[in-house]
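# Examination of the molecular architecture
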There are 2 protein chains.
Amino acid sequence: MKIIAATPASQAHTPPTVPPREEIFALADWVRLAERTSLGKMLDIGARPEILSFALGLPAPELFPAQDYATAVTQVLHRDALALQLGPPYRPLKQLIVKLMEQRGVECREGQVFLTSGAQQGLSLLARLLLNQRGQVIIEETAYTGLHMAIQPFQPKVLTVSSDAETGMDVEELERLLAGGARPAFIFAMSDGHNPLGVSLAQAKRERLVELARSFRVPIIEDDVYGLISYQDNMPAALRALDERWVFYVGSFSKIIGPALRTGWMIVPAELIPKLAIIKDLSDIDTCTLSQRAIAAYLDMGHLPAQLAAIRSEYKERRDLMIGALKKHFPEGTKWSVPAGGVFLWVTLPAGVDTIDLLKIAVEREQVAFIPGAAFGVAGDSVAKSSLRLNFTYCSRELIEEGIMRLSRALKELEVN
Amino acid sequence: MKIIAATPASQAHTPPTVPPREEIFALADWVRLAERTSLGKMLDIGARPEILSFALGLPAPELFPAQDYATAVTQVLHRDALALQLGPPYRPLKQLIVKLMEQRGVECREGQVFLTSGAQQGLSLLARLLLNQRGQVIIEETAYTGLHMAIQPFQPKVLTVSSDAETGMDVEELERLLAGGARPAFIFAMSDGHNPLGVSLAQAKRERLVELARSFRVPIIEDDVYGLISYQDNMPAALRALDERWVFYVGSFSKIIGPALRTGWMIVPAELIPKLAIIKDLSDIDTCTLSQRAIAAYLDMGHLPAQLAAIRSEYKERRDLMIGALKKHFPEGTKWSVPAGGVFLWVTLPAGVDTIDLLKIAVEREQVAFIPGAAFGVAGDSVAKSSLRLNFTYCSRELIEEGIMRLSRALKELEVN
């Protein structure tokens, strides 16, 4: 367990930039401290079209259901006179989400569904709901950067627990923290398709985690955006299936239909919906109302099962192809997870390799990008330092082997330097 | 000038509700205090379909360009392989906004445009950019409720200046505040189509306001969502036309295309864009990417000029029809503005009428809704107490006269009670 300061780990390895000119606007304190790092700039370079990118968790563009969605949105615009009007959160979509949640083993009611502008907004709204300025949160040492971002304005005390590559979060460490007096606003967890570790939380750990939340009266924020992207037949149920009171579930259509829709949902205790509605109102009033209606039409037409099947089958192929290429091209002693779900491989290189240095060479000389482990973790963590996160869903099969070859060349170049 | 506490005026007239059950979730402090008021509940009732509503600032649904927008979105989904993918803010849309801003007398560059999920998100992002916890802001005594909402999480000190029904914000009072040592994070202003007063800020006051911002180094947040909805030929330029450094402009497609798209923009100094990008990232990553592309396609097809002309012409008719009905049916001594732009009439009844009491009778017995003046202002302001805001754009011409007749009956019933 480590207690780290408010600054997310991804921003901790470079000193704050000196303002290039007289800073004439008086900005909020935390904003003044928030700067894009050299890593951030590297990732900007990595987003250039000529770069072969394993960096972001993007869906395969070839699998977008553009035709079906065009049909759905056109139908809504033609039939529904209020398609362009503001309105209350769209109840038919909530009902369809209740149905969809069954696939995650979750029983819930329409009155527990809260629509969001994507999962990131879900995290951001929950942070505002639960966190006071300089409050406390518990996350894993290696955790999704978007959670770091969502809590940043609150300058929180971040308490961390470690994770095992095979079984996920160390719940005994969590128990020691809580029993030792930690009183976090929430515990952040990803039980399936973990970002960035790719791990699924072991069943016994799921049960213990939820018990701890219940007995210490600390809500769990369960980020389950990859929960429906599974590569095995009997995917475990989400944490929310174990407790409807202390697990706040965050889901999204981004990975299963398209991130451009910016539409997601939360499942929370019904009594919290009015409070969340106040926070949502002040943030952006409503989630793209047309997206809400068009997604409901798309789901109503029954397109999702085939879409999910296509995604799962293709992504599994790409995962295995990437693992095959790693076996072939990466050095002895390299370790990786074989994720049962989600879109990421977590690869740990032999000790001594700094993946931030590797990224520089990979982008500049080999035109291939990934995210170094340090971006997700506590600064100075030596395992994270020699690890990298690879996305296996965005690039086509052809480009996956090519990209891994380029990365292995970059590794060799790094050794020579 | 008054200095009021953090709670928005709209929530100040009822004591905090006693929690109906043991409050078991530990929520952030400001959230615990934030409650829907009895007025809020009344407005929920007012949103029922059987109620004839002058309450919200909604567009006329008959004027939505549903067909043209369907063409635009279908074209985007068919032609653009990345239509459902996440991407950087869409540059062609920014370029079209630069062009659109010319109609508000504003010269700007693509590098100063920041896309938002509607104007409310613009206000919310700017509040996070500029406000510290318990910081200071200056607004008018009677101001848009969405601004009250956006600042609520910061529990700010709200300093207010009064407004004149013919010429807008009292800039001399503002100067006294600033010269007296006030150092707000920002000044909030609506120069055209003021919500709720309907007033346009006098030209001399515009110049003075911007001079004050410049010399005291306090940014103005200019909410201009109604700026393009004008009923006179030579609409004055936005405040942003007078200063590109100290005026942060907030605009939206909600009132001119449709609020369901949740797409708006800001024009800010280019050096602030990276900071805003950090805040936007943590809030919701991106504005509905498909909306960005589809709006750009819609604008590119050249539909907007005809759409704006149709809106202006129809809304002007409705405005005049409502004023005619007020003359005919409302009691002697009632006063109202004749707005040169925007979508609201601000009506002040003879002293002694409490428009919160009126709303109760109007909704329950006459099935007609509006927003009482007290919702926008400082609690106890006697002018606001006897005023009401009427929207004249949402209801059809037929319903406008009918609604005003119902309201006049409710007024008579209130007198009898």
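In this text, all values refer to a predicted model and were calculated from it rather than measured experimentally. (Residues numbered from 1 in each chain as written. Chains lettered and ligands numbered in written order. Predicted model: local features only at pLDDT ≥ 70, side-chain atom pairs only at ≥ 80, totals over all residues. Heavy atoms only, no water.)

This part covers the pattern of salt bridges. A full pass over the atoms with the stated rule returns 44 salt bridges over all chains. Two residues, E402 of chain B and R406 of chain B, come together in a salt bridge whose shortest N-O distance is 2.8 Å. One end of the pair, E402 of chain B, and the other, R406 of chain B, are both in helix α14 (residues 397–416), 4 residues apart, so they sit about a helical turn from each other. What emerges from the salt-bridge pattern is a single network uniting E62, E314, R318 and R397 of chain A. (Salt bridge = Lys/Arg side-chain N within 4 Å of Asp/Glu carboxyl O. Helix = DSSP H or I, 4+ residues; strand = E, 2+ residues; numbered from the N terminus.)

Turning our attention to the interface of chain A and chain B. Counting from both sides, the interface comprises 76 residues of chain A and, opposite them, 76 residues of chain B. Contact between chain A and chain B buries roughly 6300 Å² in total, counting both sides, with carbon and sulfur atoms accounting for 63%. Looking at the side of chain A facing chain B, the largest losses of area belong to F25, L84 and R128 of chain A, adding up to 13% of the total buried there. Counting the contacts that link chain A with chain B gives 0 salt bridges. At the surface where chain A touches chain B, the tally comes to 29 residue pairs in polar contact (both at pLDDT 80 or more). The set of elements that each furnish at least two residues to the side of chain A that touches chain B consists of α1 (29–33), α3 (66–79), α5 (119–130), α6 (145–151), α9 (273–284) and α10 (289–300) of chain A. A breakdown of the residues in the side of chain A that touches chain B according to their chemical character gives 45 nonpolar, 16 polar and 15 charged. (Contact = heavy atoms within 4.5 Å. Buried area = accessible area lost by both parts, 1.4 Å probe. Polar contact = N/O pair within 3.5 Å; in protein donor to acceptor, adjacent residues only side chain to side chain. Nonpolar A, V, L, I, M, F, W, Y, C, P; charged D, E, K, R; others polar.)

Attention shifts here to the packing of aromatic side chains. Per the stated rule, a full pass over the model turns up 12 aromatic pairs over all chains. Summarising the aromatic geometry, the rings of F253 of chain A and W265 of chain A are spaced 4.8 Å apart at their centres and angled 55° between planes, so their arrangement reads as tilted. Here W265 of chain A lies in strand β11 (residues 264–267) and F253 of chain A lies in the loop between β10 (247–252) and β11, a separation of 12 residues in the sequence. Residue classification places W265 of chain A among the buried residues on the basis of a relative accessible area of 1%. By way of ring pairs, the aromatic residues F25 of chain A together with W246 and F248 of chain B are connected into one cluster. (Phe/Tyr/Trp six-rings, centres within 6.5 Å; stacked < 30°, edge-to-face > 60°. Buried < 20%, exposed > 50% of the residue type's maximum accessible area, 1.4 Å probe, protein only.)

Turning next to the relation of the copies chain A and chain B. Its rotation angle being 180°, the transformation that places chain A on chain B also includes 0.0 Å of axial translation and leaves an RMSD of 0.0 Å. Viewed as a symmetry operation, the transformation between the two copies matches a two-fold axis. Most of the interface of chain A is mirrored in chain B: 100% of its interface residues are interface residues there too. (Least-squares fit on C-alpha atoms with pLDDT ≥ 70 in both.)

A cis amide bond links N195 of chain A to the next residue, P196 of chain A, at an omega of 15°. By secondary structure assignment, the location of P196 of chain A is in the loop between β8 (187–189) and α8 (203–216). With a phi angle near 45°, Q155 of chain B is a residue other than glycine that sits in the positive phi range. A positive phi is found at Q367 of chain B, a non-glycine position, where the angle reads about 55°. Examined against the element boundaries, Q367 of chain B turns out to sit in the loop between α12 (355–366) and β14 (368–369). Given a relative accessible area of 33%, Q367 of chain B falls into the partly exposed group.

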